[in-house]
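Observations on chain architecture
Chain by chain, the residues:
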Amino acid sequence: MIIPHANIDFILVNYYSEDYARIAVESIYRYTKSEFNIILIDNSADKALLKNAFAEYIDRKNLHIIPGFDQESPAERFTRPIKMYNTEGGVYGPGSLHHNKAFNLGIDLCNSNYICHLDIDSLFLAEWETDILPILDNDLFVASEMSKGIAREYFMIWKRSEFEKYNLRPDLSYVDTCGNLTKFANDHNLTYKITRKLSNDEYYHYHLGRGTSLEQYGQTSKKQEYIDKWNNFFNI
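A brief structural summary. (Residues numbered from 1 in each chain as written. Predicted model: local features only at pLDDT ≥ 70, side-chain atom pairs only at ≥ 80, totals over all residues. Heavy atoms only, no water.)

Section: helix α7 (residues 179-187)
- Among the residues of α7, those classed as buried are G179, N180, L181, T182, F184 and A185.
- Downstream of α7 by one or two residues, N189 has phi in the positive range, about 55°. (Buried < 20%, exposed > 50% of the residue type's maximum accessible area, 1.4 Å probe, protein only. Helix = DSSP H or I, 4+ residues; strand = E, 2+ residues; numbered from the N terminus.)

Some thoughts on unusual backbone geometry
- At N167, a position not held by glycine, the phi torsion is positive, near 55°.
- Note that N167 resides in the loop between α6 (160-165) and α7.
- Accessibility expressed as a relative area gives 69% for N167, which makes it exposed.
- The phi dihedral of N235 falls on the positive side, at around 55°, and the residue is not glycine.
- With relative accessibility at 69%, the residue N235 sits in the exposed group.

Some points on the sheet that holds strand β2 (residues 36-44)
- On the basis of which strands lie adjacent, the open sheet formed by 7 strands has the order β3-β2-β1-β6-β11-β8-β12 and mixed pairing. At either end of the open sheet lies a strand with only one pairing partner, and these are β3 (63-71) and β12 (193-194).
- Of the strand pairs in this sheet, strand β1 (residues 8-14) and β2 are connected by 7 bridges, and their pairing is parallel. Across the sheet, the residue bridging to V13 is I41, located in β2.
- Across the sheet, helix α4 (residues 94-109) touches β1, β2, β3, β6 (114-118) and β11 (155-159), and the angle it forms with β3 is around 145°. (Pairing = 2+ DSSP bridges. Contact = heavy atoms within 4.5 Å. Axes fitted to C-alpha atoms, helices over the stretch in contact; angles between N-to-C directions.)

Looking at the pattern of salt bridges
- A complete count under the given rule lists 14 salt bridges for this structure.
- Of the charged contacts, one joins R60 and E26 as a salt bridge, the two residues approaching to 3.3 Å between their closest N and O atoms. One end of the pair, R60, is in the loop between α2 (47-53) and β3; the other, E26, is in helix α1 (residues 18-31), and 34 residues separate them in sequence.
- Across the pair R160 and E164 runs a salt bridge whose closest N-O atoms are separated by 3.2 Å. Of the two residues, R160 and E164 both sit in helix α6, 4 residues apart, roughly one turn of that helix.
- Overall, E164 belongs to the exposed group, its relative accessible area being 53%.
- The network of salt bridges with common partners includes K148, R152, E153 and D176. (Salt bridge = Lys/Arg side-chain N within 4 Å of Asp/Glu carboxyl O.)

Set out below in structure tokens:
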């Protein structure tokens, strides 16, 4: 598939989260004003779930649903011991492994000035480009949050040309997803920006932090209050 050139290519990775995906996608349409593409990569084994959830979006030519990797459902995943992988400074499981693969599959399709990763259970709260994009004239990337000592991929954006110059790709070699990007910047004295707020002190991004696997540890609901609130707001 050839994704047309625009200003921003958004990458979202879905894993049995089609209700969250619609909210995230609607927030992009509401609060992004320049030309963009949405590359929505589906890592659910049951591809019909996401396809059906976005059936009414068929006329939105800048929304591209891409088959990713066939991950078993959370219920199936926890029927046997989960294989964990060691990395420098941490460990990660199959969710992070497949997410990172899908993330890079999305990057392979990008053809625009900026690449932005938006977590599936997050959304934009305000128009953000005027404040955030100019930061990238001097900084390697912008992210909305930091944890475990690394910039997180909940919202992360960079200039495609800069990452290509350094031959950078997000991977799992340091702490967790995208940790290598923070390490690279620190090791090479390159600046990056972590902020959830705009210059007017308004929040531009929110990350629910649900985590599909957390349902297996007592979080049995999909936070219906969150879904109902934003479905109503975006008139989904």
